[in-house]
Amino acid sequence: MKLYLSSFRLGNQPERLRQMAGTAKPAAVVLNACDGLDAAGRDLRLRQEIESLETLGFRAEELDLRQYAHERARAGALADVLSRYGLVWVRGGNVFALRRIMRISGFDGAIRPLLDERSIVYGGFSAAAAVAAPSLRGCETVDDPHDVPAGYPAEVIWEGLGLLPFAFVPHYRSDHPEADLVERFAEQLLDSHVPFVALRDGQVLTVDGDRFEILT
């Protein structure tokens, strides 16, 4: 398994991302954590992520998971699409919206075999990293679980992807608008004796096989 999980945007070690994924295959940009935004705001964020990846030499394009939400064999269809990419880059936003679309599109089932065979890198920041945890309990301190984008099911999914054995707290003690909420998130995890890592903006957690590393 290869993961590149940043607190904010590409973080301070974008070259490591390029080394991990390579640029032979294109990169898929998943922006569904921002589906609650208006079209202009969503498009702006999509351009930002594509341009950032292109500066590293990636050929980047959007992979909209909503297109797979009603596929009869959605996991198989999405797995075929994901196999074309060397990197899936997931933007931050609302972690509960992101988890919903990952479930109903079949992304959670489709990405795991590709990660297990190390043929793709899962990367992203903020909510994209938080959703990789075993559970989303505590994330409601920062994100509204009932802020549901149009067309999404209302059910709150508390189970994370389970790519990490601990919770991920982004924007920790950083110059970020959510810094105070994030502090409460970390305190809640501490009080509940839930293991977690807390990263400041700029820091990155990488996972390469059994090796976990925090880059500053």
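Only a predicted model underlies this, so the values are computations on that prediction, with no experimental measurement involved. (Residues numbered from 1 in each chain as written. Predicted model: local features only at pLDDT ≥ 70, side-chain atom pairs only at ≥ 80, totals over all residues. Heavy atoms only, no water.)

(A) Structural view of the state of the cysteines. Summed over all chains, the structure comprises zero disulfides. No disulfide involves C34; its nearest neighbouring cysteine sulfur is the one of C139, lying 16 Å away. A relative accessible area of 6% places C139 in the buried class. (Disulfide = S-S within 2.5 Å. Buried < 20%, exposed > 50% of the residue type's maximum accessible area, 1.4 Å probe, protein only.)

(B) Representation of the sheet that holds strand β9 (residues 211–215) within the structure. Pairing within the open sheet is mixed, and its seven strands lie in the order β3-β2-β4-β5-β1-β8-β9. Two strands close off the open sheet at either side, each with one partner strand: β3 (60–62) and β9. Ignoring strand direction, the axes of neighbouring strands in this sheet form an average angle of 20 degrees. Here four bridges tie strand β4 (residues 87–90) to strand β5 (residues 121–125), and the two strands are oriented parallel to one another. By the bridge assignment for β5, W89 is matched with G123. Packed onto the sheet, helix α2 (residues 39–55) meets β2 (27–30), β3, β4 and β5 and runs at close to 155 degrees relative to β3. (Pairing = 2+ DSSP bridges. Helix = DSSP H or I, 4+ residues; strand = E, 2+ residues; numbered from the N terminus. Axes fitted to C-alpha atoms, helices over the stretch in contact; angles between N-to-C directions. Contact = heavy atoms within 4.5 Å.)

(C) Layout of unusual backbone geometry. Phi at R9 takes a positive value of approximately 50 degrees, unusual for a residue other than glycine. Along the chain, R9 turns up in the loop between β1 (2–6) and α1 (14–21). In this structure, H193 is a non-glycine residue whose phi angle is positive, near 60 degrees.

(D) Structural view of the pairing of β9. Relative to β9, strand β8 (residues 204–208) is paired through five bridges, and the arrangement is antiparallel. Bridge assignment links V204 to a residue of β9, and that residue is L215. Two successive antiparallel strands, β8 and β9, enclose a turn made up of two residues, where G209 displays a positive phi of approximately 70 degrees.

(E) Structural view of the pairing of β8. Here β8 lies mainly inside the structure; four of its five residues are buried. Strand direction decides the pairing type here: β1 and β8, joined by five bridges, are antiparallel. Each bridged residue has a counterpart across the sheet, and for S6 the counterpart in β8 is V204.

(F) Highlighting the environment of E117. Turning to its location among the elements, E117 is positioned in the loop between α5 (107–116) and β5. Residue E117 is classed as exposed on the basis of its relative accessible area, which comes to 53%. E117 sits 116 residues away from M1 along the chain, and the two C-alpha atoms are 7.1 Å apart. A distance of 3.1 Å separates a polar atom in the side chain of E117 from a polar atom in the side chain of S119. (Polar contact = N/O pair within 3.5 Å; in protein donor to acceptor, adjacent residues only side chain to side chain.)

(G) Focus on α5. Residues of α5 that are buried: F107, A110, I111, L114 and L115. Relative to the axis of α5, the buried residues are bounded by an arc of 130 degrees and lie together on one face. (Arc of directions from axis to C-beta.)

(H) Here's a closer look at the pattern of salt bridges. Within this structure, the stated rule accounts for 15 salt bridges. Its salt-bridge partner being R42, residue D35 comes within 2.8 Å of it at the nearest N-O pair. We classify R42 as buried; its relative accessible area is 8%. With a shortest N-O distance of 3.6 Å, D108 and R103 are connected by a salt bridge. In the salt-bridge network here, residues are joined through shared partners; they are D35, R42, E62, D64 and R66. (Salt bridge = Lys/Arg side-chain N within 4 Å of Asp/Glu carboxyl O.)

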